[in-house]
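The residues making up each chain are set out below.
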Amino acid sequence: MNLHGVWAIYRFEMARFGRTFWQSIVTPVITTALYFIVFGGAIGSRMEAIDGVGYGSFIVPGLIMLTLLTQSLSNASFGIYFPKFTGTIYELLSAPVSTFELLLGYVGAAASKSMLIGLIILATSTFFVDLRIEHPAMMVAFLILTSVTFSLFGFIIGIWAKGFEQLSLVPALLITPLTFLGGAFYSIDMLPDPWRTVSLFNPVVYLVSGFRWSFFGQGDVSVWLSLGVTFAFLLACVALVGWMFKTGYRLKR
């Protein structure tokens, strides 16, 4: 394995993260604080506890998951799209690095950035609510798995996109709505039928439920089903990326 090539890509992407400090770190922290003020304070104080968990604490996993999905997508998609936009993608394709090593560099950096922001939001939330993590190992596992999976998905979007407009299309019109409708701020058990059944077709439900289980020991669906759905999506993304590089889809003109 060409570790020097992987490290060069990873270091370059992480350096870009440092140059956008305010946008990358400060903005999510401010947004999280606003969520707690509005949802946890103004609304949460008027709501009963959900399954024995205060509403302010209940929304923490959903807030972190929302950030993980959007940050992983945007970081990875922009990371691979920018070389396409500038034309330096051909240097990458001709460099002595394999597809796996390219993925390791770009997806590894995007996942690292989103996990860092997720942990910062987790730390920020402790200033607003009392928080417990019953299964810390599973919490870390979901954090890593979700970040890597959606960084891969973002990598696919970056290859597919023909312009900056398409880069923001999927997060704005698909991921954010699915996250809000996926139980990030409520339990789907609170929904009447048939809406609860319809919600089970939303893949984000399984991500949020599994991540919330790692905090409070309870979720809307089985934690093993959540892991299974996430792994299935991860494998589908790996297969699609492999096909894109094998066929040169939107990589070679």
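For the structure itself, look to the data block above.
Residues numbered from 1 in each chain as written. Predicted model: local features only at pLDDT ≥ 70, side-chain atom pairs only at ≥ 80, totals over all residues. Heavy atoms only, no water.

**Q** Looking at this model, I keep getting lost on the packing of aromatic side chains. Mind explaining?
**A** The description of two aromatic rings rests on the distance between their centres and on the angle between their planes. What the rule picks out here adds up to 16 aromatic pairs. On the numbers, 5.3 Å between centres and 35° between planes, the contact of phenylalanine 180 with phenylalanine 185 is tilted. Since its relative accessible area comes to 32%, phenylalanine 180 is described here as partly exposed. Taken together, a centroid distance of 5.4 Å and an interplanar angle of 40° make the contact between tryptophan 243 and tyrosine 249 tilted. (Phe/Tyr/Trp six-rings, centres within 6.5 Å; stacked < 30°, edge-to-face > 60°. Buried < 20%, exposed > 50% of the residue type's maximum accessible area, 1.4 Å probe, protein only.)

**Q** Whenever I open this one, the side chain of glutamate 13 confuses me. Can you help?
**A** Along the chain, glutamate 13 turns up in helix H1 (residues 3–19). The exposure class assigned to glutamate 13 is buried, which follows from its relative accessible area of 4%. (Helix = DSSP H or I, 4+ residues; strand = E, 2+ residues; numbered from the N terminus.)

**Q** What exactly am I supposed to notice about the nonpolar core here?
**A** Generally speaking, nonpolar side chains in soluble globular proteins are found buried as a group. By size, the foremost hydrophobic cluster in this structure holds 63 residues, and its most contacted members are Ile64, Phe153, Phe155, Phe211 and Phe215. Discounting residues that sit within four places of it in the chain, phenylalanine 155 has contacts with Ala76, Ser77, Ile80, Leu103, Tyr106, Val107, Val241 and Phe245. (Core = buried A, V, L, I, M, F, W, Y, C linked by side-chain atoms within 4.5 Å. Contact = heavy atoms within 4.5 Å.)

**Q** Help me understand the packing of H1 against helix H6 (residues 99–125) in this model?
**A** The axes of two packed helices give the description: the angle between them and the distance between them. Direction vectors running N to C along H1 and H6 enclose 35°, while the axes themselves pass 8 Å from each other. Read as a crossing pair, H1 and H6 show a hand that is right-handed. Contact residues: H1 offers Val6, Ile9, Tyr10, Glu13, Met14, Arg16 and Phe17, while H6 offers Glu101, Leu102, Leu104, Gly105, Tyr106, Gly108, Ala109, Ser112, Lys113, Leu116 and Ile117. Class assignment of the residues belonging to the contact of H1 with H6 gives a composition of 11 nonpolar, three polar and four charged. (Axes fitted to C-alpha atoms, helices over the stretch in contact; angles between N-to-C directions. Left-handed = near helix turned anticlockwise from the far one by under 90°. Nonpolar A, V, L, I, M, F, W, Y, C, P; charged D, E, K, R; others polar.)

**Q** Explain the environment of valine 221 here, please?
**A** With respect to the secondary-structure elements, valine 221 resides in the loop between helix H10 (203–216) and helix H11 (223–247). Residues valine 221 and alanine 8, 213 residues apart in the sequence, show an inter-C-alpha distance of 41 Å.

**Q** Help me understand a nonpolar patch on the surface in this model?
**A** A surface patch of nonpolar side chains, amounting to about 630 Å² of accessible area, comprises Ile30, Leu34, Ile37, Val38, Phe127 and Phe128. In this fold, phenylalanine 127 is placed in the loop between H6 and helix H7 (136–160). You can call phenylalanine 127 exposed: its relative accessible area is 71%. (Patch = residues over 30% accessible without salt bridge, like charges linked within 9 Å, V, L, I, M, F, W, Y side chains within 5 Å. Areas by Shrake-Rupley, 256 points an atom, 1.4 Å probe, with all protein chains shown as cover. Salt bridge = Lys/Arg side-chain N within 4 Å of Asp/Glu carboxyl O.)

**Q** Looking at this structure, how should I read the pattern of salt bridges?
**A** Proximity of charged atoms lets side chains of opposite charge pair with each other. For the structure on display, the rule yields two salt bridges. Of the charged contacts, one joins arginine 132 and glutamate 134 as a salt bridge, the two residues approaching to 3.0 Å between their closest N and O atoms. Given a relative accessible area of 40%, arginine 132 falls into the partly exposed group. Note that aspartate 189 is salt-bridged to arginine 196, the shortest N-O span being 2.7 Å. Judged by relative accessible area, which is 45%, aspartate 189 ranks as partly exposed.

**Q** Got a minute to help me understand H1 in this structure?
**A** Given 3.6 residues to a turn, an α-helix orients residues that are three or four positions apart in the same direction. Helix length check: H1 (17 residues) gives 24 Å between terminal C-alpha atoms against 24 Å at 1.5 Å per residue, within 8%. Inspection of H1 places Gly5, Val6, Ile9, Glu13, Arg16 and Phe17 among the buried residues, and these make up the whole buried set. Viewed end-on, H1 has its buried residues packed into an arc of 120°, placing them on one side of the element. Away from its buried face by more than 90 degrees, H1 exposes Leu3, His4, Arg11, Gly18 and Arg19. (Expected span 1.5 Å × (residues − 1). Arc of directions from axis to C-beta.)

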